[in-house]
Amino acid sequence: MPRALAYSRASEDEPFSALNITPLIDVMLVLLIMLIVTIPSLTHKVSVDLPQGEGKALPALPHQLDITADGSLLWDGTRISDAQLPALLKAQVAADTALLVKTDEAARYARFDAILAQVKRAGISKLAFVGHERMKID
């Protein structure tokens, strides 16, 4: 057997004892640099003097007008008559808050239309309808 061939077989059987640690050192240096760069930004504080002004009053909660299945009216859960509705709507216009209208699905459309006409005549400009979440289009 030639001598060069015997030498190569002997070197293949020996364990490889020299480990290349250059990539390990490169990774460690990158991590160290990242740590050095990010720590000052985490501990840095900027003191800011915020203005202390008078707090504004919270906006008034909207009132809710319910039309039940039998056509009766509820104002914020309290039963009202048709004669009381114009005065409440006038107060609503003066308060300039939103009016939520919730109609039972079994209520007659003619009743809903008549109530909506009263709301329009009263001058309500902020109006929302409640209870139509199931009709939402995704």
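Positions within a chain are numbered from 1, following the residues in the order the chain's sequence is written. Note on the predicted model: pLDDT of at least 70 is required for a residue's local features to be given, and 80 or more for side-chain atom pairs to be given and counted; whole-chain, interface and lining totals, by contrast, use all residues. Hydrogen atoms and water are omitted, and side-chain values are computed over all heavy atoms in the structure.

**Some words on the sheet that holds strand β5 (residues 127-130)**
Convention followed: Two strands qualify as a pair provided DSSP detects at least 2 bridges between them. To qualify as a helix, a DSSP run of H or I must reach at least 4 residues; to qualify as a strand, a run of E must reach at least 2; elements of each kind are numbered from the N terminus. Only the contacting stretch of a helix is used when fitting its axis, a line to C-alpha atoms as for every element, and angles between N-to-C directions run 0 to 180 degrees. Whether two residues are in contact is decided by their heavy atoms, any of which lying within 4.5 Å being enough.
Read from one edge to the other, the open sheet built from five strands follows the order β3-β2-β1-β4-β5, with strand pairing classed as mixed. The sheet terminates laterally at β3 (78-80) and β5, the two strands that pair on one side only. Within the sheet, the average angular offset between the axes of one strand and its neighbour, ignoring direction, is 30°. Strands in contact with helix α3 (residues 85-95) are β1 (63-67), β2 (73-75), β3 and β4 (99-103); relative to β2, the strand with the most contacts, it is inclined by about 35°. Seen against the sheet, helix α4 (residues 109-122) touches β1, β2, β4 and β5 and runs at an angle of roughly 150° to β1.

**So, the nonpolar core**
Just so we agree on the cut-off: Throughout, nonpolar core names a set of buried Ala, Val, Leu, Ile, Met, Phe, Trp, Tyr and Cys residues whose side chains join them through atoms within 4.5 Å. Accessible area is worked out with a 1.4 Å probe on protein chains only. A residue is then buried under 20% of its type maximum, exposed over 50%, and partly exposed in between.
Membership of the largest hydrophobic core comes to 14 residues, with the highest contact counts inside it found for L65, L73, W75, L85, L89 and L99. Among the elements of the structure, β1, β2, α3, β4 and α4 are those that each provide at least two residues to this core. Residue contributions to this core peak at three residues, all from α4. Setting aside residues no more than four positions away along its own chain, L85 makes contact with L65, L73, W75, I80, I115 and Q118.

**Some words on α3**
Heads up, the rule is: The directions from the helix axis to the C-beta atoms form the arc being described.
Of all the positions in α3, only L85, L89 and Q92 are classed as buried. Down the axis of α3, the buried set is contained in an arc of 55°. They therefore lie on one face. Among the exposed residues of α3, those pointing more than 90 degrees away from its buried face are A87, K90 and A94. Taken together, the buried residues of α3 touch β1, β2, β3, β4 and α4. At the exit of α3 stands D96, carrying a positive phi of roughly 55°.

**Some words on the packing of aromatic side chains**
Centre distance and the angle of the planes are the two values used to describe a pair of aromatic rings. Applicable threshold: Aromatic rings from Phe, Tyr and Trp, taking only the six-membered ring of Trp, are treated as a pair when their centres fall within 6.5 Å; an angle between ring planes under 30 degrees marks them as stacked, one over 60 as edge-to-face, and anything in between as tilted.
In this structure the tally under the stated criterion is two aromatic pairs. When the ring of Y109 is compared with that of F112, the centres are 6.1 Å apart and the planes differ by 45°; the resulting orientation is tilted. Pair noted here: Y109 and F112 are both in helix α4, with a separation of three residues, about one helical turn. Accessibility expressed as a relative area gives 17% for F112, which makes it buried. An angle of 55° between the planes, with centres 6.0 Å apart, marks the rings of F112 and F129 as tilted. A residue pair is termed long-range when its members are at least 10 positions apart, and F112 in helix α4 and F129 in strand β5 qualify at 17 residues.

**A short note on the pairing of β4**
Our working definition: Convention used here: a crossover is right-handed provided that the path from the first strand, over the helix, to the second strand proceeds clockwise when the strands point away from the viewer.
Here β1 pairs with β4 via five bridges, running parallel. Bridged to D66 within β4 is K102. As for the winding sense of the linkage, the β-α-β connection from β4 through α4 to β5 is right-handed.

**Overview of the pattern of salt bridges**
Note the cut-off: Salt bridges are defined by distance alone: a side-chain nitrogen of Lys or Arg within 4 Å of a carboxyl oxygen of Asp or Glu.
Taken as a whole and assessed by the stated rule, the structure comprises one salt bridge. Here R111 and D82 are joined by a salt bridge, their closest N and O atoms 2.7 Å apart. With a gap of 29 residues between them, R111 in helix α4 and D82 in the loop between β3 and α3 connect regions that are remote in the sequence. A relative accessible area of 40% places D82 in the partly exposed class.

**Some remarks on the packing of α3 against α4**
In plain terms, the rule: Angle categories are assigned with fixed cut-offs, so that under 35 degrees is roughly parallel, over 145 is roughly antiparallel, 65 to 115 is roughly perpendicular, and the rest are oblique. In this scheme the handedness of a crossing depends on how the near helix is turned from the far one: anticlockwise by less than a right angle means left-handed, clockwise means right-handed. Side-chain classes follow a simple rule in which Ala, Val, Leu, Ile, Met, Phe, Trp, Tyr, Cys and Pro form the nonpolar group, Asp, Glu, Lys and Arg form the charged group, and the remainder, Gly included, forms the polar group.
In contact at an axis separation of 9 Å, α3 and α4 are set at 45° when each is read in the N-to-C sense. Considered as vectors, α3 and α4 are oriented oblique to each other. The two elements α3 and α4 meet at a crossing, and its hand is right-handed. Between α3, through L85, L89 and V93, and α4, the contact on the second element is made entirely by I115, Q118, V119 and A122. Classifying every residue of the contact of α3 with α4 by side-chain character gives six nonpolar, one polar and no charged.

These values are about where atoms sit, not about what they do.
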